[in-house]
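Examining the three-dimensional arrangement
So you can see what is in the structure, the chains are spelled out below.
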Amino acid sequence: RPRLLSGMQPSADSLHLGNYLGALVNWVRLQDEYETFFFIPDLHAITVDYDPKDLAQRTRVTCAQYIAGGIDIERTALFVQSHVPEHAELAWVLNCVTGFGEASRMTQFKDKTQKSGTDAATVGLFAYPVLMAADILLYRPYGVPVGEDQRQHLELARNLAQRFNHRFGETFVVPEAVIPKEGAKIYDLQHPTAKMSKSAESPAGLINILDNPKQAAKKIKSAVTDDGTEIRFDREAKPGISNLLTIYSTLSGKSIAQLEQEYQGKMYGHLKVDLAEVVVETLAPVQARAQELLDDPAELDRLLARGAQKARSIASATLADVYSKVGFLPAG
Ligand code: TYM
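In short, a report on the structure. Keep in mind that what you see is a predicted model, and the values were worked out from it rather than measured. Along each chain, residue indices are assigned from 1 in the same order as the chain's sequence is written. The predicted origin of the model limits local features to residues at a pLDDT of at least 70 and limits the giving and counting of side-chain atom pairs to 80 or more, whereas totals for whole chains, interfaces and linings rest on all residues. In computing side-chain values, all of the structure's heavy atoms are included and hydrogens and water are not.

**Topic: the overall build of the protein**
- Broken down by element type, the protein carries 13 helices and five strands.
- To get the radius of gyration, use the C-alpha atoms; to get the globule rule, take the number of residues to the power 0.38 and multiply by 2.2 Å. Radius of gyration (C-alpha) of the protein: 21 Å, near the 20 Å computed for a compact globule of 332 residues.
- In terms of its C-alpha atoms, the protein occupies a principal-axis envelope of roughly 75 × 45 × 40 Å.
- Contacts were defined at the residue level, with two residues in contact if any of their heavy atoms lie within 4.5 Å. Put simply, of all contacts in the protein between residues at least 6 apart along the chain, 76% involve residues at least 24 apart.
- Surface accessibility of the protein: about 15800 Å² in total, with carbon and sulfur atoms responsible for 52%.
- Residues scored as positive are Lys and Arg, those scored as negative are Asp and Glu, and His as well as the terminal groups of each chain are ignored. Lysine's charge is taken at NZ, arginine's at CZ, aspartate's at CG and glutamate's at CD. The positive charge centre, built from 36 side chains, and the negative charge centre, built from 41, are 1 Å apart in the protein. Numbering of helices and strands runs from the N terminus; a helix is a DSSP stretch of H or I covering at least four residues, while a strand is a stretch of E covering at least two. In this description, accessible areas are obtained by the Shrake-Rupley approach with a 1.4 Å probe, and a residue is regarded as covered only by the protein chains that are shown.

Written as structure tokens, this is what we have:
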């Protein structure tokens, strides 16, 4: 079976609805057809300001949400990035084939440093996409299922793979971006032209998977909508309603066209009430299952250790190949 790999940062106390719909829901589905590797990129989480005393728990909570959302540890290697040292080791080698200008063109770095300036940013944040390329290339996957915002990073991983292969000989598989048709970009509920993100301006724009369901329902009901009354998908003219339709469609499995038909002649409020219910029905069981898993952290840690073992068996072989290709003296 072709291989897939992806990860989500443990940088908040909960994943948000964008992570869930843009990534996790797909990962779960893809487990049927692919050999899957999903991991928690904790090395990435320390590239920005954070509190070390939260990180380990956030890593567990993220892992619990993966499993509660449907990741099956019998079929998927589920692991923590820092448990597999080959990620950092390969990243160094890839740093040395990445152009400084090339890294400087990453739009996410530019966005993140726009307000504070690059002096306040770390070299780690700058090199972040190279580490992400290492995460991917170590496993020689066919593809990487991500949301739209990761497309440019994936393009860098492809370029680095090609460049390395060209310079040192065939080593890496050039990975495909696997981006869903719907749900690849969920927008902020209060600012439906900005992507939903943990750094949302107002908490009302962001639904966290571990939000109290009542609160989540309230956020849907108070989502910004658009002029007019018609419930119709139109990203330009109706960004608010379009976002709600996308969320509804990805959660319920109904197509947007089907929803437009169902809500013909109805008011925005009807759509919101129904969607709020769908959101609550989705979150409640995920939260209950995540809590069960978190009640037994030792078991979670054991299962992550198993995942890391499986990941290392592949990562170490790739890294040995890379070290030999770049000409390092073998350790005696
Ligand atoms: P991260 O942790 O920011 O996001 C995790 C996944 O969620 C998707 N996503 C969204 N999808 C739809 N709408 C949104 N509003 C939204 N916000 C986030 C992201 O596209 C992503 O798929 N650099 C990565 C983590 C990473 C990684 C990797 C991913 C590190 N190494 C290797 C794949 C392969 C990141 O920060 O994603």
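**Concerning the layout of surface pockets**
- Counted as a void, the second largest pocket has a volume near 210 Å³.
- Lining residues are defined by having an atom within 4 Å of a point belonging to a cavity or pocket. Those points lie on a 1 Å grid over the protein atoms alone, cavities being sets where a 1.4 Å probe fits but cannot get out and pockets being open sets with protein on both sides within 12 Å along at least five of seven lines. Contributing to the lining of the second largest pocket are Leu-21, Val-25, Asn-26, Arg-29, Leu-30, Val-178, Ile-179, Pro-180, Lys-181, Glu-182 and Thr-250.
- For the lining of the second largest pocket, the element with the highest residue contribution is helix H1 (residues 17-30), accounting for five residues.
- Three classes are used, and their members are as follows: Ala, Val, Leu, Ile, Met, Phe, Trp, Tyr, Cys and Pro are nonpolar, Asp, Glu, Lys and Arg are charged, and the others, Gly among them, are polar. A breakdown of the residues in the lining of the second largest pocket according to their chemical character gives six nonpolar, two polar and three charged. Grid points are joined across faces, edges and corners, and a volume is the space filled by probe spheres set on the points.

**Some details on the pairing of strand S2 (residues 35-40)**
- With five of six residues buried, S2 lies mostly within the body of the structure.
- After leaving strand S1 (residues 3-7), the chain enters H1 and then returns to the sheet as S2, a path that is right-handed.
- The pairing of S2 with strand S3 (residues 76-80) spans five bridges and is parallel. Looking at S3, one finds that Ile-40 is bridged to Val-80. Only protein chains enter the accessibility calculation, which uses a 1.4 Å probe; a residue is then buried when its area is under 20% of its type maximum, exposed when over 50%, and partly exposed in between. With the strands pointing away from the viewer, any crossover whose connection runs clockwise from the first strand over the helix to the second is right-handed. Only strands joined by at least two bridges in the DSSP assignment are considered to pair.

**A word on the pattern of salt bridges**
- Think of a salt bridge as a Lys or Arg side-chain nitrogen and an Asp or Glu carboxyl oxygen that are within 4 Å of each other. Counted according to the given criterion, the structure contains 20 salt bridges.
- A salt bridge links Arg-232 to Glu-230, with the shortest nitrogen-to-oxygen separation between them at 3.2 Å.
- You can call Arg-232 partly exposed: its relative accessible area is 30%.
- Using a relative accessible area of 47% as the deciding quantity, one classes Glu-230 as partly exposed.

**Here we look at the site of the ligand**
- For the ligand, the set of nearby residues contains 26 residues, the closest of which are Tyr-128, Asp-135, Gly-147, Asp-149 and Ile-186.
- In protein, a polar contact requires one atom able to donate a hydrogen and another able to accept it; more generally it is a pair of N or O atoms within 3.5 Å, and residues adjacent in sequence count only if both atoms are side-chain atoms. One of the side-chain N or O atoms of Asn-19 is found 3.1 Å from an oxygen atom in the ligand.
- At 2.9 Å from a nitrogen atom of the ligand is found a main-chain nitrogen or oxygen belonging to Met-196.
- In isolation the ligand has 720 Å² of accessible area, and contact with the protein removes 96% of it.
- Within the shell around the ligand, the residues separate by chemical class into twelve nonpolar, eleven polar and three charged. Residues are labelled near a given molecule or strand when at least one of their non-hydrogen atoms is within 4 Å of it.

**A look at the packing of helix H6 (residues 107-114) against helix H7 (residues 123-137)**
- Note on geometry: axes are lines fitted to C-alpha atoms, helical ones only across the stretch in contact, with angles between N-to-C directions running from 0 to 180 degrees. One way to put it is that H6 packs onto H7 with a least axis distance of 9 Å and a crossing angle of 160°. What the angle tells us is that H6 and H7 run roughly antiparallel. In this structure, H6 crosses over H7, and the sense of that crossing is right-handed. Where H6 abuts H7, its residues Gln-108, Phe-109, Lys-112 and Thr-113 lie against Leu-125, Phe-126 and Tyr-128.
- Looking at the contact of H6 with H7 residue by residue, the classes come out as four nonpolar, two polar and one charged. Roughly parallel covers angles under 35 degrees, roughly antiparallel covers those over 145, roughly perpendicular covers 65 to 115, and oblique covers all other angles. Take the far helix as your reference; a near helix turned counterclockwise from it by less than a right angle gives a left-handed crossing, and one turned clockwise gives a right-handed crossing.

**Focus on the nonpolar core**
- In these notes, a set of buried Ala, Val, Leu, Ile, Met, Phe, Trp, Tyr and Cys residues joined through side-chain atoms within 4.5 Å is what counts as a nonpolar core. One finds Tyr-66 and Leu-275 to be the most contacted residues of the largest nonpolar core, which totals 53 residues.
- A total of eleven residues in this core trace back to one element, the largest contributor, which is helix H12 (residues 268-294).
- Setting aside its immediate chain neighbours within four residues, Leu-275 contacts Ile-220, Leu-244, Ile-247, Tyr-248 and Leu-251.
- By size, the runner-up hydrophobic cluster in this structure holds 41 residues, among which are Leu-94, Val-97, Phe-164 and Leu-319.

**Comments concerning the environment of Val-93**
- Turning to its location among the elements, Val-93 is positioned in helix H4 (residues 86-95).
- Sequence separation between Val-93 and Ala-134 is 41 residues, and the spatial gap between their C-alpha atoms is 8.9 Å.
- Apart from residues no more than four positions distant in its own chain, Val-93 is found in contact with Phe-164, Val-322, Tyr-323, Val-326 and Phe-328.

**Some remarks on the pairing of S3**
- In terms of residue burial, S3 counts as a mostly covered element, since five of its five residues are buried.
- Judged by which residues are buried, S3 turns out to be covered on both faces: Thr-76, Leu-78 and Val-80 on one side and Ala-77 and Phe-79 on the other are all buried.

**A closer look at the packing of H4 against helix H13 (residues 297-326)**
- Running from N to C, H4 and H13 point in directions that differ by 25°, and their axes come no closer than 10 Å. Looking at the two axes, H4 sits roughly parallel to H13. Of the two elements, H4 crosses H13, and the hand of that crossing is left-handed. Contact residues: H4 offers Glu-86, Glu-89, Leu-90 and Val-93, while H13 offers Arg-312, Ala-315, Ser-316, Leu-319, Val-322, Tyr-323 and Val-326.

Don't take any of this as a statement about function, it's just geometry.
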